[in-house]
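Summary of structural features
Here's the letter readout for the chains.
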Amino acid sequence: MSSEGAQRRRGGAQPLFIMSEDAERTSGEDAQSANIEAGKAVAESVRTTLGPRGMDKMLVSDSGDVVITNDGATILDEMDIDHPAAEMLVEVAESQADDVGDGTTTAVTLAGELLSEFERLLEDEIHPTTVVQGYKKAERAALEAVDEAVVDGEIDEETLTEIVTTAMTGKGTGGVTPESLAGDIVTAVRRVETDAGVDRDAISITTQPGSSAGATELVEGVIAEESPAREGAPSDLSDASVGVLDADLDQAEPDVDAEWQVSSRDQLDEALAAERERLEAFTQTVLDLDIDALFVTGDVNDQVSAALTQDGVLVFDSVDSDTASSVAKATGAAQIGDLDDFEADDFGSAESVRVETFDDDLVFVEGGGDTETVTLFVRGGTGHVTDELERAIRDGVDAATEAADTGEVVPGAGATELHVAAALREEAASVEGREQLAVEAFADALDVVPRTLAQNAGQDPIDALVDLRAANEDGRAGLVQNGEETAIVDPVGEGVVDPASVKQEAIQSATESATMLARIDDVISAE
Ligand code: ADP
Ligand code: MG
């Protein structure tokens, strides 16, 4: 029934409005093409950063803050995008970053290309539903083809080093080579590996500008941004016993604490005296137990910190709760919530606890007695360099974690995408009807990776793609770049490899967002 019909049946001349006057509505092909264009525009904005020769972006915020980066997720995050369809592509980058870390530019670029192909198919009068179904089939076949591309062999130190180097190549690393950083990153990943896999959360990254990037180092423990509560205690301890107190080390405020129900001045005094005794008793326990460093999440009473400091205990107050957890984890200390039940075995140990002063104080807790926790201490000449180096290192750590956890790596430099595209073209032959065209379009979309790697390296993208496809028929081949040199060779032989999961995740998240966007034929926005 038409809406006019519906209005008439409601008896009379009054039209029925279901949306406010301010609401805007775009329907059908207009809505579809507007969304597709928005998605493509987002993808285009990161495409030039792909690969070792990708360019960087400088992003300037309202307040004038500048970020210089090559990282897809960071670019989109800083871009302040508010078109709803464009935002969906931003989510592709976010979910890629959350799930596997690396491959954000690949995922977004692929999503954009799937949308371009979609647009082409719609122009050829192919129904969106048919395209969506074809894309789903292609996605399944593509994931299988990635499995086929997995390189034989164990993931040893050498493979992990190659994974890290591949993930970091092309990022701003402040003049140091990815190779020279890879050793520390691989060590970090191996150090936190257990039977249950790599404990990624046990690897922290702390940045500190003011030195050359070459001073970046692996710290076997935790670095926390904390200052001692009071000057005077030794700030460089070795073989330290460490306590973590998740409570205030202070007298309760009588007027705000509901526990105090006092009816007379005497009672109040009594109560305060009791509190003071608890504090004193606690202080005495800390001294008796020979605690060297105490991390307290709450406040520390002045007299208590004075007494402890005087006896050489390094006290930190108002410690961030994450920091408290990681110190506890690294040293094997229990996080004590109550002053009264404090025992010797609640304390942990560290080979060294040391405060160093940069712009702010940093405390290094190294060689802890319990679980392995490591920190990559990232240095760089300026904040910009340090931040971008941190992003590169994060990609390296994430990629190595994925490779170690899944045990599967695939050739990089576009070789996997070329292999998957070829497999899809073969698969397409067995797909009935118009869906076949969608499967072929999916294959064409995957070409965007090798094509863009060529383009960003200053080559003619079409010629390069033709050569690469031909080379792939004879065996594994990608567009491997080594410094200024670019050659069509087997990437595995050159140590250019990516985690299989990064490729799989990129295919999945790109397909999901492209099909979701393409299915929308009506955009209704309220004021
Ligand atoms: P993403 O955000 O998708 O990870 P990158 O800018 O990190 O984007 O580029 C990743 C792509 O660059 C991958 O396809 C990877 O295989 C490729 N790559 C990395 N190192 C090289 C190299 N030396 N030669 C050619 N391709 C490389
Ligand atoms: Mg990358």
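The structure reproduced in this document is the subject of the present report. The structure displayed is predicted, hence computed values, not measured ones.

**Examining the environment of R476**
Relative to the assigned elements, R476 resides in the loop between α16 (461-474) and β17 (478-482). By relative accessible area, R476 is classed as partly exposed at 38%. Sequence separation between R476 and G433 is 43 residues, and the spatial gap between their C-alpha atoms is 32 Å. Among all residues touching R476, those that are not within four sequence positions of it are V151, P411, V489, D490 and V492.

**Things to note about the nonpolar core**
By size, the foremost hydrophobic cluster in this structure holds 57 residues, and its most contacted members are L76, L89, V108, L114, Y135, L424 and F442. Among the secondary structure elements, those contributing two or more residues to this core are α2 (28-47), α3 (72-78), α4 (84-99), α5 (104-123), α6 (128-149), α13 (415-428), α14 (435-446) and α17 (500-518). Take this core: its biggest share by element is 10 residues, from α6. Excluding anything up to four places from it in sequence, V108 contacts V42, A43, V46, L76, L89, V92 and A93.

**A look at the pairing of strand β18 (residues 485-489)**
Pairing of β17 with β18 involves five bridges; the strand directions are antiparallel. The residue of β18 that forms the bridge with L479 is I488. What sits between the antiparallel neighbours β17 and β18 is a turn of two residues, in which G483 has the positive phi angle 60°.

**Observations concerning a nonpolar patch on the surface**
A surface patch of nonpolar side chains, amounting to about 290 Å² of accessible area, comprises M58, V60 and I68. When you line up the elements, I68 lands in strand β3 (residues 66-69). By relative accessible area, which is 32% here, I68 ends up partly exposed.

**A few points about the pairing of strand β13 (residues 348-357)**
Pairing between strand β9 (residues 236-245) and β13: six bridges, direction antiparallel. Across the sheet, L237 pairs through a bridge with V353, a residue of β13. Joining the antiparallel neighbours β13 and strand β14 (residues 361-368) is a turn of three residues.

Quick notes on the rules
- Residues numbered from 1 in each chain as written.
- Chains lettered and ligands numbered in written order.
- Predicted model: local features only at pLDDT ≥ 70, side-chain atom pairs only at ≥ 80, totals over all residues.
- Heavy atoms only, no water.
- Helix = DSSP H or I, 4+ residues; strand = E, 2+ residues; numbered from the N terminus.
- Buried < 20%, exposed > 50% of the residue type's maximum accessible area, 1.4 Å probe, protein only.
- Contact = heavy atoms within 4.5 Å.
- Core = buried A, V, L, I, M, F, W, Y, C linked by side-chain atoms within 4.5 Å.
- Pairing = 2+ DSSP bridges.
- Patch = residues over 30% accessible without salt bridge, like charges linked within 9 Å, V, L, I, M, F, W, Y side chains within 5 Å.
- Areas by Shrake-Rupley, 256 points an atom, 1.4 Å probe, with all protein chains shown as cover.
- Salt bridge = Lys/Arg side-chain N within 4 Å of Asp/Glu carboxyl O.

That is the geometry; function is a separate question.
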